[in-house]
Amino acid sequence: MLLINPNNWTPQVIDMFPVVVVHGGAGHIPEDRSEKSMSGVCSATRAGYAVLCGGGSSMDAVVEVVSQLENSPFFNAGCGSVLNVRGEVEMDAMVMDGKTLGSGAVSAVRNIANPIQLARLVMDKTSHACLTAEGAKKFALSEGVPEVPHESLVTEYSRMRWTKNLAPGSNPVEYQMGKMGTVGAVAVDAEGNMACATSTGGMLNKMEGRVGDTACVGSGGYADNLMGAVSTTGHGEAIMKVTLARLVLFHMEQGQSVEAASDLALAYMGSRVGGMGGVVTVDPQGHWAARFSSRQMVWAAAQKDTLHYGLYTGEHFTQSLGAPL
Ligand code: GLY
């Protein structure tokens, strides 16, 4: 593929290896859920990589990955979302296309199985960047997106956590900090186009109508073919204060590698506003990173027929993508 360096307009020809990098949320994953979370992220990553290998775009790949994670009860997105203070599911999602800088988002949406697909429809079919609540619902109906029963998005686990947080003396903020969620993906396709997608049920016991970082361009994600793509996870209010996704890319613009830029941005969020989180990052050459400041983040990446995955800091397993699941 041909890359144009915007600083001196000298075309560079480089080898491009398509890549998809996925996270299933930063925080603390209870022991009895970690295996299922890991296998869910690995299988969604394989699906995203298959899209790329079949000639699909980076946008097709990240939407496929995030849809699969939304359909799993083991993640805080789609079915499995945490509940707001009224015991209801309200979800945020966003996509961004690194070629056009077009983006689409939905916030505080209910009764939708795959908010990420609705976010893509906002990008593709409207002249807006974000639709919220009732307006998003009307748009979904007009596009033939089926309404699903609220109960189909609520798991026993999310109901249990909600109830626990209503107990006298509980501290929902502290509890949430240890058990965050959110799912997301970034990808570079064979043409060098990048995309990001992020989806979440938000914060446990959040106020009704609360919109988090995930729906906000630059916070929940960012993609620009000239710089890279990032999807974030963690404490939404902290992420918004530092526009975490864009901050990672700022450091890459300054010449930092994907790993260093991700670490610098996360460290700044920690020291400046006390926020924890994680990111998955790619650059135009297909270098990638999965970094986090929380105790755990379930992540996986697929490139050059190899699956990479891990859960704790420093953990990095690999497997051939030809190997059986
Ligand atoms: N990062 C997800 C949220 O706080 O809503």
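Residues numbered from 1 in each chain as written. Predicted model: local features only at pLDDT ≥ 70, side-chain atom pairs only at ≥ 80, totals over all residues. Heavy atoms only, no water.

K.L.:
Before we move on, can you summarise the site of the ligand with the specific residues and values?
P.N.:
Taken together, Thr182, Thr200, Gly202, Met203, Arg210, Asp213, Thr214, Gly234 and Gly236 make up all the residues around the ligand. Residue Arg210 places a side-chain N or O atom 2.7 Å away from an oxygen atom belonging to the ligand. Within the backbone of Gly236, a nitrogen or oxygen atom sits 2.9 Å from an oxygen atom of the ligand. Starting from 200 Å² of accessible surface for the ligand in isolation, the protein chains cover 98%. Partitioning the shell around the ligand into residue classes produces one nonpolar, six polar and two charged. (Near = heavy atom within 4 Å. Polar contact = N/O pair within 3.5 Å; in protein donor to acceptor, adjacent residues only side chain to side chain. Areas by Shrake-Rupley, 256 points an atom, 1.4 Å probe, with all protein chains shown as cover. Nonpolar A, V, L, I, M, F, W, Y, C, P; charged D, E, K, R; others polar.)

K.L.:
Which residues make up the nonpolar core, and what values go with them?
P.N.:
For soluble globular proteins, the rule of thumb is that nonpolar side chains tend to be buried together. The biggest cluster of nonpolar side chains holds 54 residues, and the ones touching the most others in it are Val20, Leu69 and Leu118. With seven residues, helix 2 (residues 58–70) is the single largest residue contributor to this core. Here Leu118 is in contact with Val106, Val109, Ile112, Ala136, Phe139, Ala140 and Val145, once residues within four sequence places are set aside. Ranked by size, the runner-up nonpolar core spans 40 residues in total, among them Val21, Met252, Val280 and Val282. (Core = buried A, V, L, I, M, F, W, Y, C linked by side-chain atoms within 4.5 Å. Buried < 20%, exposed > 50% of the residue type's maximum accessible area, 1.4 Å probe, protein only. Helix = DSSP H or I, 4+ residues; strand = E, 2+ residues; numbered from the N terminus. Contact = heavy atoms within 4.5 Å.)

K.L.:
Outline the layout of surface pockets, supporting the account with residue identities and numerical values.
P.N.:
The calculated volume of the second largest pocket comes to roughly 240 Å³. Taken together, 13 residues line the second largest pocket, and the ones lying closest to its centre are Ala290, Arg291, Trp299, Gly314 and Glu315. A per-element tally of the lining of the second largest pocket places strand 12 (residues 288–292) first, with five residues. Residues that form the lining of the second largest pocket fall into these classes: six nonpolar, three polar and four charged. (1 Å grid on protein atoms, 1.4 Å probe; cavity = no way out; pocket = protein on both sides within 12 Å on 5 of 7 lines; lining within 4 Å. Points joined across faces, edges and corners; volume = space filled by probe spheres on them.)

K.L.:
Please give an account of the packing of helix 8 (residues 244–253) against helix 9 (residues 258–273) that cites residues and values.
P.N.:
The geometry of helix 8 relative to helix 9 is characterised by a closest axis approach of 8 Å and an angle of 135° between their N-to-C directions. By the criterion of interaxial angle, the relationship of helix 8 to helix 9 is oblique. Relative to helix 9, helix 8 is oriented so that their crossing is right-handed. Taken together, the residues of helix 9 that come into contact with helix 8 (itself represented by Leu244, Leu247, Val248, His251 and Met252) are Val258, Ala261, Ser262, Leu264, Ala265, Leu266, Tyr268 and Met269. When its residues are assigned to classes, the contact of helix 8 with helix 9 shows 11 nonpolar, two polar and no charged. (Axes fitted to C-alpha atoms, helices over the stretch in contact; angles between N-to-C directions. Parallel < 35°, antiparallel > 145°, perpendicular 65-115°, else oblique. Left-handed = near helix turned anticlockwise from the far one by under 90°.)

K.L.:
Kindly report on the packing of helix 3 (residues 115–125) against helix 4 (residues 133–142), identifying the contributing residues and their values.
P.N.:
Relative to each other, helix 3 and helix 4 sit at 80°, their axes nearing to 11 Å. Between helix 3 and helix 4, the crossing angle belongs to the class labelled roughly perpendicular. Side by side, helix 3 and helix 4 meet where Leu118, Leu121, Val122 and Lys125 of the first sit next to Ala136, Phe139 and Ala140 of the second. In terms of residue class, the contact of helix 3 with helix 4 is made up of six nonpolar, no polar and one charged.

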